[in-house]
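Inside the fold
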Amino acid sequence: DYYHWKDAIGPLQQRPSRNNPMDNSIHENNFGTDEFISFCRQIGAEPLITANAGTGSLEELLVWQRYFLEQKFPVRYWEIGNEIYLAEPKMPARIPGNDKRIYKTAADYSELFNKWSAAIRKQDGQAMVGAIAGTYNTSSENKGWLEIVLKSSASAIDFVALHNSFAPLIFRSYDYTNERKRTDAYQAMLASVSYTAQDLSFVQKKLREAGMQSPRIAVTEHFPLFGTGDHDQLLASLDQSRTLGSALYTASLF
């Protein structure tokens, strides 16, 4: 939502560091487009790029797309926007960074998506463009996001991108050394897989109702993440992501 790709090209020592409003920390641009292309080639991965629909522009996106083409590494999959359905028209917002700087209504987003997706396909006829779909996980101002977007943009959508596949997020200190609490967290984590399945079925139903006969869904974020918070809590939650319970969560999800 705040990333500008040109900050991360060229010699490393000449790349600017930027403040990220999402965590209010300074991020070095030491892994940019060239490094990403090299990495994808080394592991044989096909890329998906998320366009900055929060603070970015269509011109910025199209120049980025041309850059990939010039590097003989065309990007087939483009996701328009990140989680701007979480944003609120105020500042500060409940979730840092999700404020009026990136806020758009579903109608605003649909208008942007229709324009941007057409421009992407015009520049590369093989490109497939995905719309972001908030379902239960939207700000109060953007309830009904998916339905509104589909009403105005269904015919322009190649796939719908979801961020709905996380273990229950615990935003406070949590004692994972306590067996009962650990068991509660693991049970909730496995139950969340069923919740994800229900959400996917809901989205498929909405896509078919909008006239999409072969609806494509891309889950572009998933992780057995227990939560975030202070530094120690983050390390504890990441540590739990390397357990058998997390492996079961991931296997169940897939």
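Residues numbered from 1 in each chain as written. Predicted model: local features only at pLDDT ≥ 70, side-chain atom pairs only at ≥ 80, totals over all residues. Heavy atoms only, no water.

Thoughts on the nonpolar core
We count it as follows: Take the buried residues of types Ala, Val, Leu, Ile, Met, Phe, Trp, Tyr and Cys, join any two whose side-chain atoms come within 4.5 Å, and each joined set is a nonpolar core. Type-normalised accessible area, obtained with a 1.4 Å probe on protein chains alone, sets the label of each residue: buried when under 20%, exposed when over 50%, and partly exposed for intermediate values. Helix numbering and strand numbering both begin at the N terminus, where a helix is a DSSP run of H or I of at least 4 residues and a strand a DSSP run of E of at least 2. In what follows, a contact means two residues having at least one pair of non-hydrogen atoms within 4.5 Å.
Ranked by size, the top nonpolar core spans 45 residues in total, and within it Trp78, Ile80 and Tyr109 carry the most contacts. Sort the elements by how many residues they give to this core and helix α3 (residues 106-123) lands first, with seven residues. Not counting residues within four places of it along the chain, the set of residues in contact with Trp78 comprises Ile49, Leu61, Trp64, Gln65, Phe68, Ile120, Ala127, Met128, Val129, Gly130 and Phe159. Core analysis: the next-biggest nonpolar cluster, separate from the first, contains five residues, Ala167, Tyr186, Met189 and Val193 among them.

Observations concerning the pairing of strand β4 (residues 77-80)
For clarity, the threshold we go by: DSSP calls a pair of strands paired once it identifies at least 2 bridges connecting them. Every crossover in which the path from the first strand over the helix to the second runs clockwise, viewed with the strands pointing away from the viewer, is termed right-handed.
Where strand β3 (residues 48-51) and β4 come together, four bridges link them in parallel fashion. From the neighbouring strand, Leu48 faces β4, where its bridge partner is Tyr77. What joins β3 to β4 is helix α2 (residues 58-70), and the crossover it makes is right-handed.

Observations regarding the environment of Asp99
Using the following cut-off: We define a polar contact as two N or O atoms separated by no more than 3.5 Å, with the added condition that, inside protein, one atom must be a possible hydrogen donor and the other a possible acceptor, whereas residues neighbouring each other in sequence contribute only through side-chain atom pairs.
By secondary structure assignment, the location of Asp99 is in the loop between β4 and α3. By relative accessible area, which is 3% here, Asp99 ends up buried. Side chain to side chain, Asp99 and Arg101 meet in a polar contact 2.7 Å long.

Section: the sheet that holds strand β8 (residues 217-219)
Our working definition: For helices, the fitted line uses only the C-alpha atoms of the stretch in contact; every axis is such a line through C-alpha atoms, and the angle between N-to-C directions lies from 0 to 180 degrees.
Read from one edge of the open sheet, five strands run β3-β4-β5-β6-β8, paired in parallel fashion. For this open sheet the edge positions go to β3 and β8, each flanked by a neighbour on one side alone. The average angle at which neighbouring strand axes cross in this sheet is 30 degrees, direction not considered. Strand direction decides the pairing type here: strand β5 (residues 128-132) and strand β6 (residues 159-162), joined by three bridges, are parallel. Residue pairing across strands places Ala131 opposite Val160, the latter belonging to β6. Running over the sheet, α3 touches β3, β4 and β5 and is turned about 165 degrees from β5.

A word on unusual backbone geometry
Cis geometry is adopted by the peptide bond preceding Pro92, which originates at Met91 and carries an omega value of 0 degrees. By the element assignment, Pro92 lies in the loop between β4 and α3. Unlike most non-glycine residues, Asn24 shows phi in positive territory, near 55 degrees. For Asn24, a relative accessible area of 61% puts it in the exposed group.

Section: helix α7 (residues 244-253)
We apply this condition: By arc we mean the arc of the directions from the helix axis to the C-beta atoms, nothing more.
For α7, the full list of buried residues reads Gly245, Ser246 and Tyr249. Viewed along the axis of α7, the buried residues span an arc of 100 degrees, placing them on a single side of the element. Turned more than 90 degrees away from the buried face of α7, the exposed residues are Leu244 and Ala251.

Regarding the pattern of salt bridges
Stated formally: The salt bridge criterion pairs a side-chain nitrogen of Lys or Arg with a carboxyl oxygen of Asp or Glu, the two atoms within 4 Å.
Under the counting rule described, the total for this entry stands at ten salt bridges. The salt bridge partner of Arg15 is Glu35, with a shortest N-O separation of 2.9 Å. Here Arg15, found in the segment before β1 (18-20), pairs with Glu35, found in helix α1 (residues 33-43); they are 20 residues apart in sequence, far enough to count as distant. When its relative accessible area of 23% is taken as the criterion, Glu35 is described as partly exposed. The salt bridge partner of Lys206 is Glu209, with a shortest N-O separation of 3.8 Å. Of this pair, Lys206 and Glu209 both sit in helix α5 (residues 179-209), three residues apart, roughly one helical turn. Connected through salt bridges with shared partners, the residues Glu147, Lys205, Lys206 and Glu209 form a single ionic network.

By themselves these figures say nothing about function.
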